Amino acid sequence: MIAAIWAWLTSPESWSGSDGIGARLLQHLGYSALVVAIAAAIGVPLGLWVGHTGRGKWLVSAANAARAVPTLGLLFALALWVGPFIPGKAAFLVPSVIALVLLAIPPILAGTYAGVEAVDPAARDAARGMGMRPAQVLWRVELPCALPLLWSGVRSAVLQVIATATIAAYIGLGGLGRFLIDGLAAGNYVQTAGGAVLVSALALVVDGVFALAQKVIVSPGLTGGGPAGSGRWGRPRVRREIVLAPGKPGEASGVVPTTSA
Amino acid sequence: MIRFDAVTKEYPGGSVAVDGLTLTIPTGEVTVLVGPSGCGKTTSLRMINRMIEPTRGLITIDGTSVLDLDAATLRRGIGYVIQHAGLFPHRTVLENIATVPRLLGWDKGRARTAAMDWLERVGLSDELAHRYPAQLSGGQQQRVGVARALAADPPILLMDEPFSAVDPVVRQQLQAELLRLQAELQKTIVFVTHDIDEALLLGNQVAVMRVGGRLAQVDSPQDLLARPVDDFVADFLGRDRGIRSLSFTGMPRLPLHSERTLALGERPEQGSPRWMLVVEEGQPLGWVEPERLGSGAVELSDLNRSGVVAAISASPREALDAALSSPTGRGVIVDETGEFLGTVRASDVIALLEAERATS
Ligand SMILES: Nc1ncnc2c1ncn2[C@@H]1O[C@H](COP(=O)(O)OP(=O)(O)OP(=O)(O)O)[C@@H](O)[C@H]1O
Ligand SMILES: [Mg+2]
């Protein structure tokens, strides 16, 4: 079986063509990027606003509660309700994108909000006291300080979206999910398993890229790094991050503070 | 000059944090607001830069009501230092210090040069410039906080318990540095603390507040110690008021006695006094008991260095302390370069102080 999967994954035929691995991989990546971009465009500003003003905290709770809605059920419901009003191929695309965006918003929103919330009140007070205007406090202090948690939220969303985008294949859309659905339908378990392997591998690689990006965009002052050779021991600090709770794979839990050195 | 004119701050819910405060804060001097926890010190301070808006009354800076100015513009012209420094964790020390200059639109180069300059003036090495706040000790962070507040050279500095989160040794260093900086800069400083000793040490003028946000007394440290207006102020000043007031009393010329001295490696002659002072190149090193040396020469290990050495410019309190702490009862007095001048006795200091009091 493993040999068969390996053979399928490595044969040039399975990679070529409009329904080959190459094309499906790109589609999958494309959907995921679109979904995460939309979710971030909604979740990040909303999280910043809630964190900065301290108003609308119920939004974060509501978004967390909405995670209980099963994505697959939501997808079918949207396809039935919304699909008929949308012409052409978009009739399939729009419901999947909406369902996945709704899945991706909660971790991004929660991460952004938690990040702003965790900003040292003394730093915020000093920023105001030195004459920063509210927008300057937000852009120059709150957002950069919130980045570690914000980015954890985004990474968590990316993983979930890549894993869950497979279900879009149920309503006739492309992506790596096609291998799973079509493989199941045709009794081709090699293809099904191969598709699952591809989804996992894609998730790992993309998460690795995001981890590298984090090093670039997050100030070393927030991660305990800093110029080398400062001649001091590192100091243990409380760091909060988004943790995936055990349970359904790919379903994130809320924001859990963890202490790590 | 900053003036509070019948300023009251009521928080929603009716709690009165500051009640009818009228106070003049003179330019170029340190005014300390002191009082028990919750008496409205922070609230009063933060009304100056409009971090809090008064409910009633008027606060003016050089005659202009602070409410007539744009809040952000006002704050950029007033240095602000808080208890836990509140440094920006994502910015380097240098970037932190350059914050206000950058807000004021200075170009990067000029802001960096100013920041480097202030880093040095608050007593930090330029090696720290590119560290992040998490890599500094609490005392270093507080110094950076002070440098950041001063970077654009504002005429006014507000400090809210800036030294209360560091250990006593570092606190003393920071207090001394602030006094040194202030002698040079002559800013109008409003300093909040709940530590009366800190208040008496730093303030040209000390305003004691009582719970309920009312002013109990404003005076110079001397006058406060000499004439507390009521039991609350007296209790707040604490014990040892007579002794502590000696820190602020001027000392007439100290009556110095000469001493028989020895150098290291010398042998005392027969018939030496019980205690002799060991002096090397003019610097006093410690006391020695010739009798205990036998016939040997004086070595470093023979010295008794338990006493405190005072400078000739010292207050009566320090001179008295030098005498009382000395194993001989004679306090060692040096000049500004540490050169030995003579010794004083406690009884002489007391006699002088009593004579002084009798004539005044
Ligand atoms: N935002 C607020 N809402 C309601 N009451 C407040 C608020 N801030 C302060 N107070 C109250 O106002 C009073 C004065 O507070 P303030 O912070 O000025 O005291 P403080 O003298 O600085 O005390 P401390 O030495 O503990 O810092 C306190 O009784 C406090 O409970
Ligand atoms: Mg306070």
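Preceding block: the structure.
Everything numeric here is computed off the predicted structure, so don't read it as measured data.

Undergrad: Is there a simple way to explain the environment of B:Leu215 in this structure?
TA: All names here are of chain B. For Leu215, the location among the structural elements is in strand β10 (residues 214–219). Along the backbone, Leu215 and Trp118 are 97 residues apart, and their C-alpha atoms lie at a distance of 35 Å. Aside from chain neighbours lying at most four places away, what touches Leu215 is Leu21, Thr22, Leu23, Ala207, Val208 and Met209.

Undergrad: Help me understand a positive patch on the surface, please; the structure alone is not making it clear to me.
TA: A cluster of basic side chains, namely A:Arg140, B:Arg102, B:Lys108 and B:Arg112, defines a positive patch on the protein surface. Overall, the relative accessible area of 55% leaves B:Lys108 in the exposed class.

Undergrad: Quick question: what am I supposed to make of unusual backbone geometry here?
TA: Most peptide bonds adopt trans geometry, and most residues besides glycine take a negative phi value. Residues and elements named next belong to chain B. Even without being a glycine, Ala85 presents a positive backbone phi close to 65°. In this fold, Ala85 is placed in the loop between β6 (78–81) and α3 (93–97). For Ala85, a relative accessible area of 4% corresponds to the buried category. Of note in the backbone geometry, Gln186 takes a positive phi value of approximately 50° without being a glycine.

Undergrad: Explanation requested: the pattern of salt bridges in the structure shown.
TA: When charged atoms on two side chains of opposite charge get close, those side chains can pair. All names here are of chain B. Scanning the entire structure with this criterion turns up 18 salt bridges over all chains. In this structure, Glu184 and Arg121 form a salt bridge, with 3.0 Å as the shortest nitrogen-oxygen distance. On the criterion of sequence distance, the pair formed by Glu184 in helix α7 (residues 168–185) and Arg121 in helix α5 (residues 108–121) is long-range, its members being 63 residues apart. Glu184 sits in the partly exposed class, given a relative accessible area of 46%. Look at Arg121 and you get partly exposed, because its relative accessible area is 26%. Three or more residues are tied together by salt bridges with common partners; here these are Asp117, Arg121 and Glu184.

Undergrad: Where do I start with the sheet that holds strand β13 (residues 283–288) of chain B in this structure?
TA: Paired through their backbone hydrogen bonds, the strands of a sheet run either parallel or antiparallel. Residues and elements named next belong to chain B. If you walk across this open sheet you meet the 3 strands as β11-β12-β13, and the pairing is mixed. Pairing within the sheet leaves two strands with one partner each, and these edge strands are β11 (261–262) and β13. Where β11 meets strand β12 (residues 276–280), 2 bridges bridge the pair, whose relative direction is parallel. Bridging from a neighbouring strand, Thr261 pairs with Leu277 of β12.

Undergrad: What is the right way to look at the site of ligand 1 in this model?
TA: All names here are of chain B. Taken together, the residues surrounding ligand 1 are Tyr11, Ser15, Ala17, Ser37, Gly38, Cys39, Gly40, Lys41, Thr42, Thr43 and Glu161. Separating an oxygen atom of ligand 1 from a backbone N or O atom of Cys39 is a distance of 3.2 Å. Within the backbone of Gly40, an N or O atom sits 3.0 Å from an oxygen atom of ligand 1. A total of 640 Å² of accessible area belongs to ligand 1 in isolation, and the protein chains cover 57% of it. With 3 residues, helix α1 (residues 41–48) is the single largest residue contributor to the shell around ligand 1. Among the residues forming the shell around ligand 1, the class breakdown is 3 nonpolar, 6 polar and 2 charged.

Conventions and cut-offs
Residues numbered from 1 in each chain as written. Chains lettered and ligands numbered in written order. Predicted model: local features only at pLDDT ≥ 70, side-chain atom pairs only at ≥ 80, totals over all residues. Heavy atoms only, no water. Helix = DSSP H or I, 4+ residues; strand = E, 2+ residues; numbered from the N terminus. Contact = heavy atoms within 4.5 Å. Patch = residues over 30% accessible without salt bridge, like charges linked within 9 Å, V, L, I, M, F, W, Y side chains within 5 Å. Areas by Shrake-Rupley, 256 points an atom, 1.4 Å probe, with all protein chains shown as cover. Salt bridge = Lys/Arg side-chain N within 4 Å of Asp/Glu carboxyl O. Lys, Arg positive; Asp, Glu negative; His and termini not counted. Charge placed at Lys NZ, Arg CZ, Asp CG, Glu CD. Buried < 20%, exposed > 50% of the residue type's maximum accessible area, 1.4 Å probe, protein only. Pairing = 2+ DSSP bridges. Near = heavy atom within 4 Å. Polar contact = N/O pair within 3.5 Å; in protein donor to acceptor, adjacent residues only side chain to side chain. Nonpolar A, V, L, I, M, F, W, Y, C, P; charged D, E, K, R; others polar.

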